[in-house]
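# Tertiary structure, described
The lines below spell out each chain.
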Amino acid sequence: MAGKTNIRSIRLSDELMEVIEARVGETFTEKYEGLIRRCVFEEPETIKRVQEMRKELQTMEKVLAEKRKQAAELQRVIQILTNTKWQLDRA
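Residues numbered from 1 in each chain as written. Predicted model: local features only at pLDDT ≥ 70, side-chain atom pairs only at ≥ 80, totals over all residues. Heavy atoms only, no water.

When helices and strands are tallied, the protein shows two helices and zero strands. Scaling as 2.2 N^0.38, a compact globule of 91 residues should have a C-alpha radius of gyration of about 12 Å, whereas the protein reaches 30 Å, well beyond that. Its C-alpha atoms give the protein principal-axis dimensions of about 95 × 25 × 20 Å. Out of the 91 residues belonging to the protein, those deemed buried represent 3%. Taken as a whole, the protein presents about 8,900 Å² of accessible surface, with 57% of it coming from carbon and sulfur. Between the averaged position of the 18 positive side-chain charges in the protein and that of its 16 negative side-chain charges there is a distance of 7 Å. (Helix = DSSP H or I, 4+ residues; strand = E, 2+ residues; numbered from the N terminus. Rg over C-alpha atoms; globule rule 2.2 N^0.38 Å. Buried < 20%, exposed > 50% of the residue type's maximum accessible area, 1.4 Å probe, protein only. Areas by Shrake-Rupley, 256 points an atom, 1.4 Å probe, with all protein chains shown as cover. Lys, Arg positive; Asp, Glu negative; His and termini not counted. Charge placed at Lys NZ, Arg CZ, Asp CG, Glu CD.)

With that settled, consider the pattern of salt bridges. Within this structure, the stated rule accounts for five salt bridges. The partner of Lys-31 in a salt bridge is Glu-21, with the nearest N and O atoms 3.1 Å apart. Highlighted residues: Lys-31 in helix H2 (residues 28-90) and Glu-21 in helix H1 (residues 14-21), separated in sequence by ten residues. Judged by its relative accessible area of 11%, Lys-31 is buried. Among the salt bridges present, the one from Arg-38 reaches Glu-42, with a minimum N-O distance of 3.0 Å. Here Arg-38 and its partner Glu-42 are both found in helix H2, four residues apart, which amounts to about one turn of the helix. With relative accessibility at 39%, the residue Glu-42 sits in the partly exposed group. (Salt bridge = Lys/Arg side-chain N within 4 Å of Asp/Glu carboxyl O.)

Of the pockets and cavities examined, the largest pocket occupies roughly 430 Å³. The wall of the largest pocket is formed by 13 residues, among which Asn-6, Arg-8, Thr-29, Tyr-32 and Glu-33 lie closest to the centre. The class makeup of the residues in the lining of the largest pocket is five nonpolar, four polar and four charged. (1 Å grid on protein atoms, 1.4 Å probe; cavity = no way out; pocket = protein on both sides within 12 Å on 5 of 7 lines; lining within 4 Å. Points joined across faces, edges and corners; volume = space filled by probe spheres on them. Nonpolar A, V, L, I, M, F, W, Y, C, P; charged D, E, K, R; others polar.)

For the pair H1 and H2, interaxial distance at closest approach is 9 Å and the crossing angle is 90°. Accordingly, the angle class assigned to the pair H1 and H2 is roughly perpendicular. Across from Met-17, Val-19, Ile-20 and Glu-21 in H1, the residues of H2 making contact are Phe-28, Lys-31, Tyr-32 and Leu-35. For the contact of H1 with H2, the class distribution of residues is six nonpolar, no polar and two charged. (Axes fitted to C-alpha atoms, helices over the stretch in contact; angles between N-to-C directions. Parallel < 35°, antiparallel > 145°, perpendicular 65-115°, else oblique. Contact = heavy atoms within 4.5 Å.)

Okay, structure coming up:
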């Protein structure tokens, strides 16, 4: 790997330092670079997956709504049949 020619000094909050230090790597630079690379290279794929999951969730919500309608209709039919049976038993 070529030498690193960009030297910068930055100030970070304690909270961000904790996030960076929690990363995998031996040095601060490795940890920081790993975090940046992950955000830059993995974020677009993650966003795409989230969008796909939202579409799938919407589809599943529609299916669930239909199943709930069907269950309510079945419950209504069961109640009608139960009432009819009760009336026939009385007759």
